[in-house]
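Geometric and topological summary
Now for the letters of each chain:
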Amino acid sequence: MNRFEKAFIQLKENEEKAFVPYIMAGDGGISVLKERLLFLEENGATAIEVGIPFSDPVADGPTIQEASQRALQNGTTLKLVLEELQSIRPFIQIPIIIMTYMNPIYAYGLPEFITDAQKAGIDGCIIPDLPMEEENVILPFLSNAGIEIIRLVTLTSPTERIAEIAKKGKGFLYAVTITGITGSRSSFQTEVGAYLNKIKKVSPIPVLAGFGISSPEHVKALSHYCDGVVVGSKIVDLFHNRKAEEIIPLMNATKKINAK
Ligand SMILES: O=P(O)(O)OC[C@@H](O)[C@@H](O)c1c[nH]c2ccccc12
């Protein structure tokens, strides 16, 4: 049983929904990564997405683009992050997911990336610019290393494609809730509930909603239709502005006591 399966069984037993925060590694310096991961785990994160800074994050909005720039200016590299995660791994029990584009992996060297990600104890990867049709460049190596690909589906994905993608994974399915890039939003398209219900019907693995989620109300509303949420920009913003305590009510919105 991998860490994802353990995490989701725990959620089911606690009758809670998943909360997966995203942070940018190296934003605030690589030295704060451990304390931020510990803080998120201690406050109820189901798993954590660790972003690798990149000069051309095409799927990211301004908040994460700026975090990426700060991390790059701090001298953050994929190698540095994997080394730091290897030293942090023994202290963190929940799944750790690397969020990176393909370019940093190619620049690092695919075999070396797989070796070092496995040494770091990474459980999953989100690679937004790797469509399912092109996965075979890396999937066999990740599978051998016990690393899951967390796949994305979007509002415009046909149902058959959603079903096909959902059947390939073992971690969770990432349902993107808006047509566009990452970044906190004030509202969602009305059909997002029906969209999440449709995905839940065809997915054998947990479905998490992500993009634009930035308040406890959003967390409750969207996790009603699926197995939980991913929150990135809001978390990046709160850490950057030294308001980490405001992350706690966001996470608590997925807890049983709040689930109305
Ligand atoms: O920032 P938001 O709107 O809360 O969305 C989550 C997102 O940041 C995180 O999952 C992520 C960061 N970069 C990405 C690129 C593609 C897909 C997902 C991501």
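This is a predicted model, so every value here is computed, not measured.

**Concerning the packing of aromatic side chains**
One pass over the full model with this rule turns up six aromatic pairs. Geometrically, the ring pair formed by Phe54 and Tyr101 is tilted, given 5.6 Å between the ring centres and 35° between the ring planes. In this pair, Phe54 sits in the loop between strand E2 (48-51) and helix H3 (62-73) while Tyr101 sits in the loop between strand E3 (96-99) and helix H5 (102-108), placing the two residues 47 residues apart along the sequence. Both residues of the pair, Phe54 and Tyr101, belong to the buried class. For the pair Tyr174 and Phe211, a centre-to-centre distance of 6.0 Å together with 85° between the ring planes defines the contact as edge-to-face. Highlighted residues: Tyr174 in strand E7 (residues 173-176) and Phe211 in the loop between strand E8 (207-210) and helix H10 (216-223), separated in sequence by 37 residues. The exposure class of Phe211 is buried, given its relative accessible area of 13%. Grouping aromatic residues by their ring pairs yields a cluster made of Phe4, Phe8 and Phe172.

**Topic: the packing of helix H8 (residues 159-166) against helix H9 (residues 192-202)**
Where H8 contacts H9, the axes come no closer than 9 Å and their chain directions differ by 50°. Viewed along their axes, H8 and H9 adopt a mutual orientation that is oblique. Seen from above, H8 lies across H9 with right-handed handedness. Residues Thr159, Ile162, Ala163 and Ala166 of H8 touch H9, and the partners they reach there are Lys198, Ile199 and Val202.

**Description of the side chain of Lys255**
Position of Lys255 among the secondary structure elements: in the segment after helix H12 (247-252). For the buried residue Lys255, which engages in no salt bridge, the nearest side chain bearing the opposite charge is Glu16, 4.7 Å off. Looking at Lys255, its side chain comes within polar contact range of the main-chain oxygen of Met251, at 3.3 Å. When near neighbours in sequence (up to four residues on either side) are disregarded, Lys255 contacts Glu16, Asn43 and Gly44.

**Looking at the site of the ligand**
The full set close to the ligand counts 17 residues, and Asp60, Tyr174, Gly183, Gly212 and Ser233 are the nearest of them. Between an oxygen atom of the ligand and a side-chain N or O atom of Glu49, the distance comes to 2.9 Å. Residue Gly183 places a main-chain N or O atom 2.7 Å away from an oxygen atom belonging to the ligand. Protein burial of the ligand: of its 430 Å² of free accessible surface, 100% is covered by the chains. Considered class by class, the residues forming the shell around the ligand number ten nonpolar, five polar and two charged.

Conventions and cut-offs
Residues numbered from 1 in each chain as written. Predicted model: local features only at pLDDT ≥ 70, side-chain atom pairs only at ≥ 80, totals over all residues. Heavy atoms only, no water. Phe/Tyr/Trp six-rings, centres within 6.5 Å; stacked < 30°, edge-to-face > 60°. Helix = DSSP H or I, 4+ residues; strand = E, 2+ residues; numbered from the N terminus. Buried < 20%, exposed > 50% of the residue type's maximum accessible area, 1.4 Å probe, protein only. Axes fitted to C-alpha atoms, helices over the stretch in contact; angles between N-to-C directions. Parallel < 35°, antiparallel > 145°, perpendicular 65-115°, else oblique. Left-handed = near helix turned anticlockwise from the far one by under 90°. Contact = heavy atoms within 4.5 Å. Lys, Arg positive; Asp, Glu negative; His and termini not counted. Salt bridge = Lys/Arg side-chain N within 4 Å of Asp/Glu carboxyl O. Polar contact = N/O pair within 3.5 Å; in protein donor to acceptor, adjacent residues only side chain to side chain. Near = heavy atom within 4 Å. Areas by Shrake-Rupley, 256 points an atom, 1.4 Å probe, with all protein chains shown as cover. Nonpolar A, V, L, I, M, F, W, Y, C, P; charged D, E, K, R; others polar.

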